[in-house]
2 protein chains.
Amino acid sequence: MQMTQSLIHITLIGAGNVGYHLAQQLSNAPVAFDAVFSRNPDHAVEVAAMVHSKGINHFSDIPEGSDLYLISLADQAAEDFIRIFKPKSGVVAHTSGSLDLAIMHQTMRPHGVIYPLQTFSRAKPVNFDAIPVCTEASDTNTLLLIDKVAHFLSPDVRHINSAQRRQTHLAAVFACNFTNFMYVAAADILKKHDLEFDILRPLLNEFFTKANLMDPWAAQTGPAIRGDQNIISTHLEMLNDLNEYKQLYRLLSTLIENRKESEKQV
Amino acid sequence: MQMTQSLIHITLIGAGNVGYHLAQQLSNAPVAFDAVFSRNPDHAVEVAAMVHSKGINHFSDIPEGSDLYLISLADQAAEDFIRIFKPKSGVVAHTSGSLDLAIMHQTMRPHGVIYPLQTFSRAKPVNFDAIPVCTEASDTNTLLLIDKVAHFLSPDVRHINSAQRRQTHLAAVFACNFTNFMYVAAADILKKHDLEFDILRPLLNEFFTKANLMDPWAAQTGPAIRGDQNIISTHLEMLNDLNEYKQLYRLLSTLIENRKESEKQV
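Please read these numbers as outputs of a predicted model, since none were measured by experiment.

## Description of the overall build of chain A
Reasoning step 1: Scanning chain A from N- to C-terminus turns up 10 helices and eight strands.
Reasoning step 2: What you see for chain A is a C-alpha radius of gyration of 23 Å, clearly larger than the 18 Å of a compact globule of 266 residues, by over 25%.
Reasoning step 3: Each principal axis of the C-alpha atoms in chain A carries an extent, and together these give about 75 × 45 × 30 Å.
Reasoning step 4: Taken over 266 residues, chain A has a buried fraction of 55%.
Reasoning step 5: In chain A, once contacts between residues fewer than 6 apart in sequence are set aside, the share between residues at least 24 apart is 51%.
Reasoning step 6: Side-chain charges in chain A split into 22 positive and 28 negative, and the spacing between the mean points of these groups amounts to 2 Å.

What follows is the structure, given as structure tokens:
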């Protein structure tokens with residue numbers, strides 16, 4: 001059976017949000033799952049069922065002989081796992097944005113990274129076609145295997161080294177986590193004056209649509225880039241009873257003004 | 001002709017982005033434009049043509065007898081205009097998020113505010129159905145007129161006082177202008193490491209879709225709210241050569257951590 005010979009045998013380590021969606025997406029690909037390991041037995045069984053495999057939750061049950069051991073654990077758990085995991089054969093890969101390729105050297109096996117640049121929630125379906133998958137590997141042969149699996153996930157596979165991957169993850173913290181905190185600030189300001197955050201939703205939609213079409217700096221608007229000191233000092237005064245956001249407003253306005261100045265000098 | 005009698009006669013002062021879209025939206029409403037004033041003659045003529053009216057660009061040509069003088073100028077220009085504008089009849093209203101209702105007292109006429117909470121670009125069509133229009137007026141009768149015009153713009157008309165309107169505008173600065181600066185930071189970080197901002201677009205889409213469905217604080221994720229000091233200090237180190245963003249990262253992480261702490265104490 002030639003079909004079977006071409007199957008890539010995978011053991012999935014971790015059945016959290018990332019593991020769940022990777023498994024689901026790979027369930028239609030020419031791969032065979034040898035096992036799905038999770039410390040949470042329910043998760044192991046749930047995700048294993050999705051890929052017609054068996055769920056395991058003991059380290060010692062992890063099978064030998066897989067082509068790829070794909071580790072989709074949280075960073076600290078992944079580091080702990082990699083420290084003690086020494087399979088006799090196969091490639092070891094993790095899916096983290098922050099962990100260096102080199103940490104897998106200690107597994108004594110060829111290693112790689114398959115990092116899908118996306119935020120995953122169990123409940124929400126994911127369109128993998130639009131997800132950049134960042135890959136890296138210890139050697140050319142391993143990269144072939146890693147890229148093959150990455151292409152089963154998405155057409156957008158990018159070779160990115162560990163430093164770049166880490167910086168991408170850092171950039172994502174600004175672009176998502178900190179962005180969200182701007183919404184928190186807005187919601188807190190509104191709440192203090194008996195207003196609902198919902199009043200901003202149409203504005204946010206329009207902003208996002210525009211921001212999506214433009215270079216971020218070209219899209220920058222607001223009092224700081226206009227140099228409108230009147231509005232800025234009024235706003236700072238209005239934040240007297242929300243001192244943490246006053247501090248944030250001041251810093252952000254200064255950074256925007258400085259960046260504008262330095263653009264002029266170039 | 002009863003139809004004609006029920007028309008509200010408007011003189012539009014200002015033909016910038018806001019004036020342009022207000023005129024366009026009101027061109028289908030039972031209103032008659034007596035004139036469109038702009039210091040830029042081309043803008044005056046362009047917007048006037050849209051509402052079958054005449055464009056004027058001299059202060060002295062502003063007609064008497066309109067029911068409503070609708071001022072859609074930038075804040076400073078609006079203030080300057082209001083200082084010298086003393087019509088013999090009619091209601092005076094502005095469309096600003098930041099200017100107090102009370103500044104129009106000096107026009108010696110009943111006054112109001114029609115503030116469409118949206119960002120407008122000339123080129124981009126606007127769906128007014130999804131725009132909250134915040135209204136306020138000097139007296140009940142004037143509010144009736146103001147609300148009538150506001151309802152020609154959008155079904156979502158909200159009575160909001162000057163302080164609330166100002167706070168809403170401040171919240172919008174956080175939710176749009178500062179949010180955009182988080183994208184700028186992300187783009188700068190990526191660029192420094194030969195990566196394109198585009199790599200983040202699918203992530204941003206997913207983030208925005210989720211954020212749109214949730215209370216902002218409930219949607220907060222990232223190293224700071226997880227209390228992941230490892231990642232935080234790695235990120236700070238990675239920002240050694242982008243000191244402005246290091247400062248920003250540190251402040252934001254502290255604010256997120258503090259807010260989490262204070263939530264616990266409640």
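Text resumes after the structure shown.
## Quick look at helix α7 (residues 201-211) of chain B
Reasoning step 1: Burial of α7 of chain B is extensive: nine of the 11 residues sit out of reach of the surface.
Reasoning step 2: Along α7 of chain B, the residues classified as buried are Arg201, Pro202, Leu203, Leu204, Glu206, Phe207, Phe208, Lys210 and Ala211 of chain B.
Reasoning step 3: Contacts from the buried residues of α7 of chain B go to α6 (162-192) and α7 (201-211) of chain A together with α6 (162-192) of chain B.

## Side note on the interface of chain A and chain B
Reasoning step 1: Each side of the interface is counted separately: chain A has 83 residues, and chain B has 83 residues.
Reasoning step 2: Regarding the contact of chain A and chain B, the summed buried area is about 8,100 Å², with carbon and sulfur atoms giving 70% of it.
Reasoning step 3: On the chain A side of the contact with chain B, Phe174, Ile199 and Phe208 of chain A bury the most area, a combined 9% of that side's loss.
Reasoning step 4: Counting the contacts that link chain A with chain B gives four salt bridges.
Reasoning step 5: For Asp188 of chain A, the salt bridge goes to Arg259 of chain B, with nearest N and O atoms at 2.7 Å.
Reasoning step 6: Joining chain A to chain B, the criterion identifies 32 residue pairs in polar contact (both at pLDDT 80 or more).
Reasoning step 7: Going through the elements one at a time, α4 (75-84), α6, α7, α9 (229-238) and α10 (243-265) of chain A are the ones with two or more residues in the side of chain A that touches chain B.
Reasoning step 8: Tallied by class, the residues present in the side of chain A that touches chain B amount to 49 nonpolar, 23 polar and 11 charged.

## Quick notes on the pairing of strand β5 (residues 91-94) of chain A
Looking down a regular strand, the side chains alternate between one sheet face and the other.
Residues and elements named next belong to chain A.
Reasoning step 1: The two faces of β5 match: Val91 and Ala93 on one face and Val92 and His94 on the other face are all buried.
Reasoning step 2: Where strand β4 (residues 68-71) and β5 come together, four bridges link them in parallel fashion. If you follow Leu70 over to β5, its bridge partner there is Ala93.
Reasoning step 3: The handedness of the β4 to β5 crossover, carried by α4, is right-handed.

## Quick look at the sheet that holds strand β6 (residues 111-116) of chain A
Residue and element names in this part refer to chain A.
Reasoning step 1: Judged by pairing direction, the sheet is mixed, and its eight strands sit side by side in the order β3-β2-β1-β4-β5-β6-β7-β8 without closing on themselves. Each edge of the open sheet carries a strand with a single partner, namely β3 (55-56) and β8 (157-159).
Reasoning step 2: Inspection of the sheet shows strand β7 (residues 133-137) paired to β8 by three bridges, in the parallel sense. Following the sheet pairing, Val133 is matched in β8 by Val157.
Reasoning step 3: Sheet strands in contact with helix α5 (residues 140-153) are β1 (8-13), β2 (31-37), β4, β5, β6, β7 and β8, and its direction is about 165° off that of β7.

## With respect to the sheet that holds strand β7 (residues 133-137) of chain B
Residues and elements named next belong to chain B.
Reasoning step 1: An order of β3-β2-β1-β4-β5-β6-β7-β8 is seen for the eight strands of this open sheet, with the pairing classed as mixed. Each of the sheet's edge strands pairs with one partner strand only, and the pair in question is β3 (55-56) and β8 (157-159).
Reasoning step 2: Where strand β5 (residues 91-94) and strand β6 (residues 111-116) come together, three bridges link them in parallel fashion. Across the sheet, residue Ala93 finds its bridge partner in β6, namely Gly112.
Reasoning step 3: The sheet contacts of α6 involve β5, β6 and β7, and relative to β6 the element is tilted by about 25°.

## Comments concerning the environment of Phe59 of chain B
All names here are of chain B.
Reasoning step 1: Looking at where Phe59 falls in the secondary structure, it is placed in the loop between β3 and β4 (68-71).
Reasoning step 2: The class for Phe59 is partly exposed, based on a relative accessible area of 35%.
Reasoning step 3: Put simply, Phe59 and Ile13 are 46 residues apart on the chain and 9.8 Å apart in space, counted from C-alpha to C-alpha.
Reasoning step 4: Those residues in contact with Phe59 that lie beyond four places of it in its chain are Phe37, Phe81, Ile84 and Phe85.

## Examining the packing of aromatic side chains
For any two aromatic rings, the description comes down to two numbers: the centre-to-centre distance and the angle of the planes.
Reasoning step 1: Here the structure, examined in full by the defined rule, presents 27 aromatic pairs over all chains.
Reasoning step 2: Residues Phe81 of chain B and Phe85 of chain B carry aromatic rings whose centres are separated by 4.7 Å and whose planes lie at 35° to one another, so their mutual orientation is tilted.
Reasoning step 3: Its relative accessible area of 6% is what places Phe81 of chain B among the buried residues.
Reasoning step 4: Given a relative accessible area of 5%, Phe85 of chain B falls into the buried group.
Reasoning step 5: Following the ring pairs from residue to residue traces out a cluster consisting of Phe37, Phe59, Tyr69, Phe81 and Phe85 of chain A.
Reasoning step 6: Arg259 of chain A extends its terminal NZ or CZ atom over the ring of Trp217 of chain A, reaching a point 4.3 Å from the ring centre.

## Quick look at the domain arrangement of chain A
Residue and element names in this part refer to chain A.
Reasoning step 1: Each assigned domain of chain A is listed with its residue range as follows: domain 1 (2-160) and domain 2 (165-265).
Reasoning step 2: Contacts between domain 1 and domain 2 engage 12 residues on the former and four residues on the latter.
Reasoning step 3: Buried surface at the junction of domain 1 and domain 2, summed over both partners, amounts to about 690 Å²; 50% is from carbon and sulfur atoms.
Reasoning step 4: One can count two salt bridges joining domain 1 with domain 2.
Reasoning step 5: Put simply, Arg166 and Asp100 hold a salt bridge, and the shortest N to O gap is 2.5 Å.
Reasoning step 6: Our count for the domain 1 to domain 2 interface comes out at five residue pairs in polar contact (both at pLDDT 80 or more).

Criteria and cut-off values
- Residues numbered from 1 in each chain as written.
- Chains lettered and ligands numbered in written order.
- Predicted model: local features only at pLDDT ≥ 70, side-chain atom pairs only at ≥ 80, totals over all residues.
- Heavy atoms only, no water.
- Helix = DSSP H or I, 4+ residues; strand = E, 2+ residues; numbered from the N terminus.
- Rg over C-alpha atoms; globule rule 2.2 N^0.38 Å.
- Buried < 20%, exposed > 50% of the residue type's maximum accessible area, 1.4 Å probe, protein only.
- Contact = heavy atoms within 4.5 Å.
- Lys, Arg positive; Asp, Glu negative; His and termini not counted.
- Charge placed at Lys NZ, Arg CZ, Asp CG, Glu CD.
- Buried area = accessible area lost by both parts, 1.4 Å probe.
- Salt bridge = Lys/Arg side-chain N within 4 Å of Asp/Glu carboxyl O.
- Polar contact = N/O pair within 3.5 Å; in protein donor to acceptor, adjacent residues only side chain to side chain.
- Nonpolar A, V, L, I, M, F, W, Y, C, P; charged D, E, K, R; others polar.
- Pairing = 2+ DSSP bridges.
- Right-handed = clockwise from strand over helix to strand, strands pointing away.
- Axes fitted to C-alpha atoms, helices over the stretch in contact; angles between N-to-C directions.
- Phe/Tyr/Trp six-rings, centres within 6.5 Å; stacked < 30°, edge-to-face > 60°.
- Lys NZ or Arg CZ within 6 Å of the ring centre and 35° of its normal.
- Domains from an automatic or database assignment.

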